[in-house]
Amino acid sequence: MAKSVLVTGFEPFGGEAVNASWEAVRRLPEQLDGWTVHRACLPVVFGGAAETVLRLAGELRPDAVVCTGVAGGRSAITPEMIAVNLCDARIPDNAGTQPRWQPIAPGGPDGLFSGLPVREMAAALRAAGLPAALSWSAGSYVCNDVFYRTVRRCREWGIPCGFIHVPPVTALPAEEGARGLALCLSCLWAEC
Ligand code: PCA
């Protein structure tokens, strides 16, 4: 059977009309280098976003999971290196919840490294002329929450999982975001 990857973006939040992550993900082809690319748009909701990814992953049984979100203020595509066990929301999520300084998983590890080949991804992006940098922090909002929860579960399942932030569409057009994500996915095949 063809290998597959589940790639997610997010719905808009914080009063924005679009979310660059879903704008990039929805432009990805359904087939890439012989892999099936399953695409999904997640709600910007603490806990609920990760539940959606993990439910889909349970149904689709992909060989890898790559979650993406928009990072306001960044101008480069940034594979995230580490998820932290902390929720601290500057603004409420789309369900109106605003956790402050709370662990995601009480008693869980403080940090979890990405299971993606993040250095290779950043190098591939740069080689293709796209702005790229490694990031040490996905923040403490819903993106980090999804990152932490999905990496933790995917480790149990034995499949690579991680998170990539993209810039807003005003800083990088969605077509370029999609081109960048496709390049990142190409780095994954060697890992699966
Ligand atoms: N970015 C937010 C949540 C959803 C998104 O696209 C974040 O960085 O946490």
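Structure: see above.
Residues numbered from 1 in each chain as written. Predicted model: local features only at pLDDT ≥ 70, side-chain atom pairs only at ≥ 80, totals over all residues. Heavy atoms only, no water.

Trainee: I'm lost on the overall build of the protein in this one. Help?
Mentor: Regarding its fold elements, the protein presents 5 helices and 8 strands. Along the protein, from the amino end to the carboxyl end, the secondary structure elements read β-α-β-β-α-β-β-β-β-α-α-β-α. The C-alpha atoms of the protein give 15 Å as radius of gyration, which agrees with the globular expectation for 192 residues (16 Å, within 12%). Dimensions of the protein, computed from the C-alpha atoms along their principal axes, are close to 40 × 35 × 25 Å. (Helix = DSSP H or I, 4+ residues; strand = E, 2+ residues; numbered from the N terminus. Rg over C-alpha atoms; globule rule 2.2 N^0.38 Å.)

Trainee: Can you walk me through the pattern of salt bridges in this structure?
Mentor: As a working rule, side chains carrying opposite charge can pair if their charged atoms are close by. Throughout the structure, instances matching the rule amount to 10 salt bridges. In this structure, glutamate 23 engages arginine 27 in a salt bridge whose closest nitrogen and oxygen atoms are separated by 3.1 Å. Among the ionic pairs, aspartate 145 bridges to arginine 149, the shortest N-O distance being 3.1 Å. Taken together, the positions of aspartate 145 and arginine 149, both in helix H4 (residues 142-157) and 4 residues apart, correspond to about one turn of that helix. (Salt bridge = Lys/Arg side-chain N within 4 Å of Asp/Glu carboxyl O.)

Trainee: Explain the site of the ligand here, please?
Mentor: Around the ligand, a shell composed of Phe10, Phe13, Asn19, Val44, Gly69, Val70, Tyr141, Val142, Cys143 and His165 is seen. One of the backbone nitrogen or oxygen atoms of valine 70 is found 2.9 Å away from an oxygen atom of the ligand. A distance of 2.9 Å separates an oxygen atom of the ligand from a polar atom in the backbone of cysteine 143. Across the complex, the protein chains shield 94% of the 260 Å² of accessible surface that the ligand would expose by itself. At the level of elements, strand E4 (64-70) and H4 are the ones that each hand at least two residues to the shell around the ligand. In terms of residue class, the shell around the ligand is built from 7 nonpolar, 3 polar and no charged. (Near = heavy atom within 4 Å. Polar contact = N/O pair within 3.5 Å; in protein donor to acceptor, adjacent residues only side chain to side chain. Areas by Shrake-Rupley, 256 points an atom, 1.4 Å probe, with all protein chains shown as cover. Nonpolar A, V, L, I, M, F, W, Y, C, P; charged D, E, K, R; others polar.)

Trainee: I tried to follow the packing of helix H2 (residues 48-60) against H4 on my own but got confused; where do I start?
Mentor: A packed helix pair is summarised by two numbers, namely the angle formed by the two axes and the spacing between the axes. Running from amino to carboxyl end, H2 crosses H4 at an angle of 30 degrees, the nearest separation of the two axes being 8 Å. As far as their axial angle goes, H4 and H2 are roughly parallel. Judged by the twist between their axes, the crossing of H2 over H4 is right-handed. Contacts from Ala49, Ala50, Val53, Leu54, Ala57 and Gly58 in H2 reach Val142, Val146, Arg149, Thr150, Arg153 and Trp157 in H4. The residue inventory of the contact of H2 with H4, partitioned by class, reads 8 nonpolar, 2 polar and 2 charged. (Axes fitted to C-alpha atoms, helices over the stretch in contact; angles between N-to-C directions. Parallel < 35°, antiparallel > 145°, perpendicular 65-115°, else oblique. Left-handed = near helix turned anticlockwise from the far one by under 90°. Contact = heavy atoms within 4.5 Å.)

Trainee: What should I look at first to understand the sheet that holds strand E5 (residues 78-79) in this one?
Mentor: Pairing between sheet strands relies on hydrogen bonds along the backbone, with the strands arranged either parallel or antiparallel. What the 6 strands build is an open sheet, ordered E2-E3-E1-E4-E8-E5; its pairing is mixed. Both outer strands of the open sheet, strand E2 (31-32) and E5, are each paired with one neighbouring strand and no more. Pairing between strand E1 (residues 4-10) and strand E3 (residues 35-42): 7 bridges, direction parallel. Within the sheet, the bridge partner assigned to leucine 6 lies in E3 and is histidine 38. The strands that helix H5 (residues 174-188) touches are E1, E2, E3, E4 and strand E8 (161-166); relative to E4, the one it contacts most, it runs at about 155 degrees. (Pairing = 2+ DSSP bridges.)

Trainee: Can you walk me through the environment of arginine 74 in this structure?
Mentor: By the element assignment, arginine 74 lies in the loop between E4 and E5. For the pair arginine 74 and histidine 165, spaced 91 residues apart in sequence, the C-alpha to C-alpha distance is 8.7 Å. Setting aside residues up to four positions removed in sequence, arginine 74 forms contacts with Glu80, Ser135, Ser137, His165, Pro167, Pro168 and Ala171. Engagement of the side chain of arginine 74 in a polar contact is seen with the side chain of serine 135, the distance being 3.5 Å.

Trainee: Whenever I open this one, the pairing of E4 confuses me. Can you help?
Mentor: Residues in a regular strand point their side chains to alternate faces of the sheet. For E4, a buried count of 7 out of 7 residues is recorded, marking the element as mostly surrounded by other parts of the structure. Across the two faces of E4 the burial is the same, with Ala64, Val66, Thr68 and Val70 and Val65, Cys67 and Gly69 all buried. With 4 bridges connecting them, E1 and E4 associate as parallel partners. Bridge pairing in E4 links valine 7 to valine 66. Note: E4 against E8, 6 bridges, orientation parallel. Across the sheet, the residue bridging to valine 70 is valine 166, located in E8. (Buried < 20%, exposed > 50% of the residue type's maximum accessible area, 1.4 Å probe, protein only.)

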